[in-house]
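Fold and geometry: a report
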Amino acid sequence: VGSARDITREKRVELERRILSQAVDQAAESIIITDKQGTIEYVNPAFTKISGFTAEEALGANPRILKSGNQTAEYYERLWATITAGKVWQSALVDRRKDGSLYPALMSVAPIYDDEKNISHYVGIQQDMTENKLLEKKFRQAQKMESLGVLVSGIAHDFNNMLSGIIGNVYLAKRKVSSIPDAVTKIENIETLSYRAADMIKQLMTYARQGAIEKKPFDIISFANEVSK
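Now for a look at the structure at hand. The written sequence of each chain sets the order in which its residues are numbered from 1. A pLDDT threshold of at least 70 governs which residues receive local features in this predicted model, and a stricter bar of 80 or more applies before side-chain atom pairs are shown or counted, although totals over entire chains, interfaces and linings include all residues. The side-chain quantities take in all heavy atoms of the structure and omit both hydrogens and water.

Should a side-chain nitrogen of Lys or Arg be within 4 Å of a carboxyl oxygen of Asp or Glu, the pair is scored as a salt bridge. In total, this model carries four salt bridges according to the counting rule given. Here Arg97 makes a salt bridge to Asp128, at a shortest N to O gap of 3.7 Å. Of this pair, Arg97 sits in the loop between strand S3 (89–96) and strand S4 (102–113) while Asp128 sits in strand S5 (residues 119–128), and the two are 31 residues apart along the sequence. Using a relative accessible area of 19% as the deciding quantity, one classes Arg97 as buried. Helix numbering and strand numbering both begin at the N terminus, where a helix is a DSSP run of H or I of at least 4 residues and a strand a DSSP run of E of at least 2. Accessibility here uses a 1.4 Å probe with only protein chains present; expressed as a share of the type maximum, an area under 20% marks a residue as buried, one over 50% as exposed, and anything in between as partly exposed.

A separate point is the packing of aromatic side chains. Two aromatic rings from Phe, Tyr or Trp, using only the six-membered ring of Trp, form a pair when their centres are within 6.5 Å; if the ring planes differ by under 30 degrees the pair is stacked, by over 60 it is edge-to-face, and anything between is tilted. This model, assessed by the stated rule, comprises three aromatic pairs. Judged by centre distance (5.2 Å) and plane angle (85 degrees), the ring pair of Tyr75 and Tyr76 falls under edge-to-face. For Tyr76, a relative accessible area of 24% translates into the label partly exposed. A ring pair is formed by Tyr75 and Trp89, whose centres lie 5.4 Å apart and whose planes are at 85 degrees; its orientation type is edge-to-face. Of the two residues, Tyr75 is situated in helix H4 (residues 73–84) and Trp89 in strand S3; the sequence distance between them amounts to 14 residues.

Turning to the environment of Ser153, a few remarks are in order. As for its placement among the helices and strands, Ser153 is situated in helix H5 (residues 130–176). A relative accessible area of 30% means that Ser153 is categorised as partly exposed. It is 35 Å that separates the C-alpha atoms of Ser153 and Lys176, two residues lying 23 residues apart in sequence.

This brings us to H4. To estimate how far a helix should reach, multiply one less than its number of residues by 1.5 Å. Given a rise of 1.5 Å per residue, twelve residues ought to cover 16 Å, and the 17 Å separating the end C-alpha atoms of H4 matches this to within 8%. Trailing H4 by a residue or two, Gly86 shows a phi angle of about 90 degrees, which is positive.

What follows is about the side chain of Ser194. Positionally, Ser194 belongs in helix H6 (residues 181–208). Only heavy atoms matter for contacts: two residues are in contact if any of them lie within 4.5 Å across the pair. Every residue in contact with Ser194, bar those within four places of it in the chain, is listed here: Leu163, Ile166 and Ile167.

It is worth spelling out the pairing of strand S1 (residues 30–35) at this point. In terms of burial, S1 is a largely internal element, five of the six residues being buried. Two strands qualify as a pair provided that DSSP identifies no fewer than 2 bridges between them. Strand direction decides the pairing type here: S1 and S5, joined by six bridges, are antiparallel. For Thr34, the partnering residue across the bridge sits in S5 and is Tyr122. Remark: four residues form the turn of the hairpin made by S1 and strand S2 (residues 40–43), two consecutive strands paired antiparallel; Gly38 in that turn has positive phi of roughly 95 degrees.

The subject of this paragraph is unusual backbone geometry. Although it is not a glycine, Lys117 adopts a positive phi angle of roughly 70 degrees. By the secondary structure assignment, Lys117 is in the loop between S4 and S5. Take Lys117: its relative accessible area is 66%, and that puts it in the exposed class.

Both S1 and S2 contribute to a ladder of three bridges, which runs antiparallel. Its bridge partner lying in S2, Thr34 is registered against Ile40.

Here the term patch refers to residues with relative accessible area over 30% and no salt bridge, with like charges joined within 9 Å and nonpolar side chains (Val, Leu, Ile, Met, Phe, Trp, Tyr) within 5 Å. Surface exposure here means Shrake-Rupley accessible area, sampled with a 1.4 Å probe, where a residue is shielded only by the protein chains that are shown. On the surface, Phe218, Ile220, Ile221 and Phe223 cluster together into a nonpolar patch covering about 440 Å² of accessible area. Its place among the elements puts Ile221 in helix H7 (residues 220–228).

Nothing here speaks to function; it is geometry throughout.
Right, here's the structure in full:
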């Protein structure tokens with residue numbers, strides 16, 4: 001009976017080890033295990049995917065291969081003092097990939113104890129925050145566009161009223177000077193620019209609200225001539 005129990009317990013322990021090993025290997029986060037002196041003894045596949053360093057290149061090296069220069073020496077001193085005291089270190093930082101590119105990450109480093117309750121290893125876990133930064137950037141851009149939409153909507157009505165007044169007065173002025181071709185030409189230029197300004201406000205509102213934007217060809221020669229006038 002005792003032997004059967006031992007076999008069952010060994011199978012359970014082996015199953016737990018296999019599940020744990022697979023979990024570490026399949027994790028999306030970079031996992032590094034070092035000895036007490038900080039020499040890397042294990043990295044999971046995610047480490048290679050995120051950092052660009054192969055397991056062969058990392059094993060026997062120090063985690064400083066990821067050092068980007070964005071953290072001060074005091075930062076690493078505090079990290080080392082924390083984990084050697086048996087505490088967990090958690091922080092955001094910027095590390096460097098093998099190709100020299102930088103990436104933001106969330107990192108935690110924790111001590112691992114042996115049977116005598118002495119620190120024997122350290123495990124570091126990093127989550128690559130590059131995608132999160134991109135999403136944050138897109139969110140901020142969306143907020144800016146929303147603010148622009150509110151601003152444009154607030155001024156568009158008054159601005160269009162002003163343009164209507166300008167266009168109306170231009171029409172009356174053109175009738176007054178109908179016998180002076182040069183004056184009529186210049187007034188028509190003002191009229192064209194007024195309509196173009198109204199169309200610009202319409203396009204700006206469409207863009208700010210992320211609406212459908214109509215694209216169509218135009219005569220760039222005529223456009224350039226209008227601008228030069």
